Amino acid sequence: RAGGETVEAQAEVACEVAEQVLHILAGQPAKYTVNIPFTPPEVQAVVSPYLETANIIGKIAVQLSHGQFESINLHYQGEIANHDTSMLKAAALTGFLKPITEDRLNLVNASVIANQRGLRIVEEKDTSPGEYSSLITMNLNTSEGEISISGTLLHNDTHIVQVNNNWLDVVPQGSYLLFIEHQDRPGMIGSLGTITGTHDINIGFMAVGRKTPRGHAVMVVGLDDSMPETALEEIRANPHITTAKLVKL
């Protein structure tokens, strides 16, 4: 007997249906609507490839954040800014909300759930050409400051190209990404490698973004394995490291 056919499962589904009917009768949108509004094929051709990029940006931003959420600014630049970006907004919010809610998320209800949580969301478009044909940036404002993540699509792969105003190039692959903000100094990469080696954590790739030599920098490290809190504490103990946060993809 399939799990969805049990008495308990059928009772839960019936309760959810009744709740949705009450929501609609009260003038509220259905929370678990699955029908996406019609989008012209020519718009889908441009926007749809960037759905994963938007989703990943949201997922990274929320896991790097501190404090209470205040607002989200979504900035679209280049070709995608000429089109309806509602699907990209929904994809970004789905990635953002997934780590912090037990609600079942999809491209239709993500905006509804974000509004219910009191998130103020602003979208901006800039059709002028930039370094990339299209670029999506999420600026997440919290009570503790701002997180900024930018991504684009190159050769059909999502690339994270900016983290807190530091330009780099990361293809978010694997299971985990380690984000480290630090002062660029000799031995930083070696120190990190020693810690990961001691804890039997395999590094898949590493990228560093900086404005000037020996200045403020961001290091993004792709890990094949999770990192225990003890290892993160060892990394944070380095006096040249400001923050070190693990992101699950």
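Criteria and cut-off values
- Residues numbered from 1 in each chain as written.
- Predicted model: local features only at pLDDT ≥ 70, side-chain atom pairs only at ≥ 80, totals over all residues.
- Heavy atoms only, no water.
- Pairing = 2+ DSSP bridges.
- Helix = DSSP H or I, 4+ residues; strand = E, 2+ residues; numbered from the N terminus.
- Axes fitted to C-alpha atoms, helices over the stretch in contact; angles between N-to-C directions.
- Contact = heavy atoms within 4.5 Å.
- Expected span 1.5 Å × (residues − 1).
- Buried < 20%, exposed > 50% of the residue type's maximum accessible area, 1.4 Å probe, protein only.
- Patch = residues over 30% accessible without salt bridge, like charges linked within 9 Å, V, L, I, M, F, W, Y side chains within 5 Å.
- Areas by Shrake-Rupley, 256 points an atom, 1.4 Å probe, with all protein chains shown as cover.
- Salt bridge = Lys/Arg side-chain N within 4 Å of Asp/Glu carboxyl O.

### Some words on the sheet that holds strand S6 (residues 166-170)
Read from one edge to the other, the open sheet built from six strands follows the order S2-S1-S3-S4-S5-S6, with strand pairing classed as mixed. Either end of the sheet is taken by a strand with one partner, and the two such strands are strand S2 (120-126) and S6. Each strand of the sheet is rotated relative to its neighbour by a mean of 20°, with strand direction disregarded. The sheet strands contacting helix H3 (residues 51-64) are strand S1 (69-78), strand S3 (134-142), strand S4 (145-154) and strand S5 (157-163), and the helix crosses S4 at an angle near 155°. Sheet strands touched by helix H4 (residues 86-97): S1, S2 and S3. Its angle to S1, the strand with the most contacts, is close to 140°.

### Quick look at H4
With 12 residues, H4 extends 16 Å between its outermost C-alpha atoms, agreeing within 8% with the 16 Å of an ideal straight helix rising 1.5 Å per residue. Of all 12 residues making up H4, 11 are buried, and the element is well covered by its neighbours. Those residues of H4 that sit buried are Met87, Leu88, Lys89, Ala90, Ala91, Ala92, Leu93, Thr94, Gly95, Phe96 and Leu97. On its buried side, H4 packs onto helix H2 (41-47), H3, S1, helix H5 (110-116), S2 and S3.

### Notes on a nonpolar patch on the surface
A cluster of nonpolar residues, Ile189, Met206 and Val208, forms a patch on the protein surface that exposes about 220 Å² of accessible area. Of note, Met206 is situated in strand S8 (residues 203-210).

### A short note on the environment of Leu93
The topology assignment puts Leu93 in helix H4. Its relative accessible area of 0% is what places Leu93 among the buried residues. In this structure, the C-alpha to C-alpha distance between Leu93 and Ile57, residues 36 residues apart in sequence, is 9.3 Å. Once residues lying within four places of it in the same chain are set aside, the contact partners of Leu93 are Ile72, Ala110, Ser111, Ala114 and Ile121.

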